[in-house]
Amino acid sequence: MLRNILSRGRAPQPTSPAPPVSRPADRPPRRDRARHAIAASALAIVVAGLGLAVPASGAAGAAPVGTASAGVERAKVALAALSPDVAPAAAVAPALEAAPAAVSRLGTAGNKIVNASGTPVQLRGVSVLAPRHNAECPECNPRPISDVIDMTVSDGWQSDVVRLPVTVWGSLSVEDNVAQYVDPYVQQAVDLGIYVIVDLHYVSDYGSTGVPQSTVSEFWDYVAPLYADVPNVIYEVFNEPVAPASWPTWKAYIQPVVDDIRAVAPDTLLLMGGPQWSTYVNQAAADPIAGNDIAYVYHLYPNQGDATAANLDAKFGNAAQQIPVILTEFGWNPPGEFSDPVVTQGTTSGWGIPLRQYLDARPHISWTAWIFDNYWKPQMFDHDWNLLGGEHQGAMIKAWLADQPYASPCASHAAVGATAVASSSGSASSGAAKAVDGDCTNAGRWLSAAGDTTPTLTITLDAPTVVDQVDVYSGFVGGGSVNVLRDFTVEVHTPAGWQQAATFQDNTLGLVSAPGPAAAVDQVRLVITDPSNYDPDVARVFEVAVRAA
């Protein structure tokens, strides 16, 4: 199901790097997962017809707001002794007792998320599919969401936090929705010793033209007290409000909801989105929501431009010097079946790796990547749960969570540094050599000259090489499908002469592949007959990556 996220963006300015993030402690062995549906004696059930669970007083205190340590740590998790299963009442969503905390209570201090000791932490993790939408994809191999959440902390994945979208449209009451699609996974997160973000996943206008304030209040009036004493749980109040595109209007709408949450959940970390698909952190920095322990949400995708420091500073980096900021959504995949046509088209080489470098240098900014799934886009797995690598995001996100390096697929291939000659170049800084420099950012492109109606690029390899395939990266990072090569041929030269490897017509993909021949190749050539669907109509080629067999 394609997320309905349209064009986004706004602006703040430059930031100084924070200290490097430290490795998290090894996660203890996981106990057998059990549902800890604990109707604790400290919880009184009131308003029986509504099934409203109200926690007792005495919740763990908020994180100190004094001077925080200069060092920033990954959120550390440790399993606690948990009570045995207790079957919940049929009509009431089960509640968790406050007793042993599996993780440290989180709060905020200055521009950082901190633990109960006041030490800054960086949360890093993934979003999973909204459970109500599991098994909707006819071509997908569905897995239970509980199994998917287990995957986020196993087999080399090291998520500190899982974001759980909660979709509320349909005929279910809030109580039944929470009982079926929230509580089992909150219980599981406690068992796993990780944080869980309960994300009220509206993508909608708000107020008189969209979701009524009363609807948001109804959800949080029920959920906020339910997990108020559970330090694992974080509340994301409204995923993506769209319009009105006004921070004062949004603040007036959401402040009463926050006040009501704080009345029953005084210490739970709140994540606050904003208008225009949660891109208004600059406005939040200038006029924050009233209340304690609030971090502000930004959602980032390739359609918002390059992952350069200047662009990301303007989007959210400068604001993150003043207020706590968390990216609860970002993601990319190259054009094709695992990306949508506009918002999420990007590559690991050109967008994902620069973003990782930016965030690794700023560990005061937490993040959850979108999306640990085989269905909603841009997914990390194919339909059969094979991890998507190369220019897709899955393998890089996994390596990132484990603090492992991940080289750009552009950076290493048989033609890096080879001799390249072009029929024309737009400038001295965009010559033919850029197409084989191992750089798939906009700064690493060969651009043909305006007026060259058949741009041609010829690459001479250092030695004859048996080639498995030739990958052609074209376009403009953040520019969509109009900038990519439209009509072109990939040719290879063997001892038998030049031969055609593949022809592409009406192409809209930023990454296409041509198969290699059986014989050794000493030259590769692009012959372009329609450079783009854009003005100026020039060829834009990041890289011609020759993959040796």
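Criteria and thresholds
Residues numbered from 1 in each chain as written. Predicted model: local features only at pLDDT ≥ 70, side-chain atom pairs only at ≥ 80, totals over all residues. Heavy atoms only, no water. Salt bridge = Lys/Arg side-chain N within 4 Å of Asp/Glu carboxyl O. Axes fitted to C-alpha atoms, helices over the stretch in contact; angles between N-to-C directions. Helix = DSSP H or I, 4+ residues; strand = E, 2+ residues; numbered from the N terminus. Parallel < 35°, antiparallel > 145°, perpendicular 65-115°, else oblique. Left-handed = near helix turned anticlockwise from the far one by under 90°. Contact = heavy atoms within 4.5 Å. Nonpolar A, V, L, I, M, F, W, Y, C, P; charged D, E, K, R; others polar. Pairing = 2+ DSSP bridges. pLDDT = per-residue confidence, 0-100. Buried < 20%, exposed > 50% of the residue type's maximum accessible area, 1.4 Å probe, protein only. Arc of directions from axis to C-beta. Disulfide = S-S within 2.5 Å. Phe/Tyr/Trp six-rings, centres within 6.5 Å; stacked < 30°, edge-to-face > 60°.

A look at the pattern of salt bridges
Turning to step 1, where the next piece is worked out: Tallying each qualifying case throughout the model produces 11 salt bridges.
Turning to step 2, where the next piece is worked out: Each of Arg124, Arg356, Asp360 and Asp403 takes part in one network of salt bridges that share partners.

Focus on the packing of helix α2 (residues 174–181) against helix α4 (residues 213–226)
Turning to step 1, where the next piece is worked out: Orientation of α2 relative to α4, taken along the N-to-C sense of each, is 45 degrees, at an axis distance of 10 Å. Compared by their axis directions, α2 and α4 come out oblique. Handedness of the crossing formed by α2 with α4: right-handed. Residues Val174, Glu175 and Val178 of α2 touch α4, and the partners they reach there are Glu218, Phe219, Tyr222, Val223 and Leu226.
Turning to step 2, where the next piece is worked out: Within the contact of α2 with α4, the residues separate by chemical class into 6 nonpolar, no polar and 2 charged.

Structural notes on the sheet that holds strand β13 (residues 270–272)
Turning to step 1, where the next piece is worked out: Overall, parallel pairing links the 8 strands, which are arranged β7-β8-β9-β11-β13-β14-β15-β16 in a closed barrel. Across the sheet, the mean angle from the axis of one strand to that of its neighbour is 25 degrees, orientation sign disregarded.
Turning to step 2, where the next piece is worked out: Note: strand β9 (residues 195–200) against strand β11 (residues 233–236), 4 bridges, orientation parallel. The residue of β11 that forms the bridge with valine 198 is tyrosine 235.
Turning to step 3, where the next piece is worked out: Strand contacts of helix α5 (residues 247–264): β11, β13 and β14 (294–300), with the helix running at about 170 degrees to β13, the strand carrying the most contacts.

What to know about the confidence of the model for the chain
Residues shown with low pLDDT carry predicted positions that ought not to be read at fine detail.
Turning to step 1, where the next piece is worked out: When pLDDT is averaged across the chain, the result is 84; 81% of the residues are at 70 or more.
Turning to step 2, where the next piece is worked out: Of all helices and strands in the chain, the one with the weakest mean pLDDT is strand β1 (residues 44–46) (25), whereas β13 scores best (99).
Turning to step 3, where the next piece is worked out: In the predicted structure, residues 1–71 sits below a pLDDT of 50 and forms 216 contacts with residues beyond four places in sequence or in another chain.

What about α2?
Turning to step 1, where the next piece is worked out: Listed in full, the buried residues belonging to α2 are Val174, Glu175, Asn177 and Val178. With its buried residues spanning 165 degrees around the axis, α2 presents them on a single face.
Turning to step 2, where the next piece is worked out: Contacts made by the buried residues of α2 are with β8 (161–166), α3 (183–192) and α4.

Overview of the environment of proline 531
Turning to step 1, where the next piece is worked out: Mapped onto the elements, proline 531 comes out in the loop between β23 (520–530) and β24 (540–548).
Turning to step 2, where the next piece is worked out: Since its relative accessible area comes to 4%, proline 531 is described here as buried.
Turning to step 3, where the next piece is worked out: Beyond its immediate chain neighbours, meaning those up to four positions away, proline 531 contacts Pro455, Val484, Leu485, Arg486, Asp537, Val538 and Ala539.

With respect to the state of the cysteines
Turning to step 1, where the next piece is worked out: One pass over the structure, following the stated rule, counts 2 disulfides.
Turning to step 2, where the next piece is worked out: Here cysteine 137 engages in a disulfide with cysteine 140; their sulfurs sit 2.2 Å apart. Its torsion about the S-S bond being 65 degrees, the disulfide of cysteine 137 and cysteine 140 is classed as right-handed. In terms of burial, cysteine 137 and cysteine 140 fall into one category: buried.
Turning to step 3, where the next piece is worked out: Counting only the cysteines that take part in disulfides, in the order they occur along the chain, gives the pairing 1-2, 3-4.

Observations regarding the packing of aromatic side chains
Turning to step 1, where the next piece is worked out: Scanning all chains against the criterion turns up 20 aromatic pairs.
Turning to step 2, where the next piece is worked out: Here tryptophan 157 and phenylalanine 381 contribute two aromatic rings whose centre-to-centre distance is 6.1 Å and whose plane-to-plane angle is 40 degrees, an arrangement assigned as tilted. Of the two residues, tryptophan 157 is situated in the loop between α1 (145–151) and β8 and phenylalanine 381 in the loop between β16 (366–372) and α10 (394–401); the sequence distance between them amounts to 224 residues.
Turning to step 3, where the next piece is worked out: By relative accessible area, which is 4% here, phenylalanine 381 ends up buried.
Turning to step 4, where the next piece is worked out: The interplanar angle of 25 degrees and the centroid separation of 5.5 Å between the aromatic rings of tryptophan 250 and tyrosine 253 together place this pair among those described as stacked. Of this pair, tryptophan 250 and tyrosine 253 both sit in helix α5, 3 residues apart, roughly one helical turn. With respect to burial, tryptophan 250 and tyrosine 253 carry one shared label: buried.
Turning to step 5, where the next piece is worked out: Here the aromatic cluster, defined as three or more aromatic residues joined through ring pairs, consists of Tyr202, Tyr206, Phe238, Trp250 and Tyr253.

Overview of the pairing of strand β20 (residues 487–494)
Turning to step 1, where the next piece is worked out: Within β20, 7 of the 8 residues are buried, leaving the element largely enclosed by the surrounding structure.
Turning to step 2, where the next piece is worked out: Note that β20 and β23 share 7 bridges and pair antiparallel. Residue pairing for β23: histidine 493 is matched across the bridge by glutamine 523.
Turning to step 3, where the next piece is worked out: The loop that links β20 with its antiparallel partner strand β21 (residues 497–504) comprises 2 residues.

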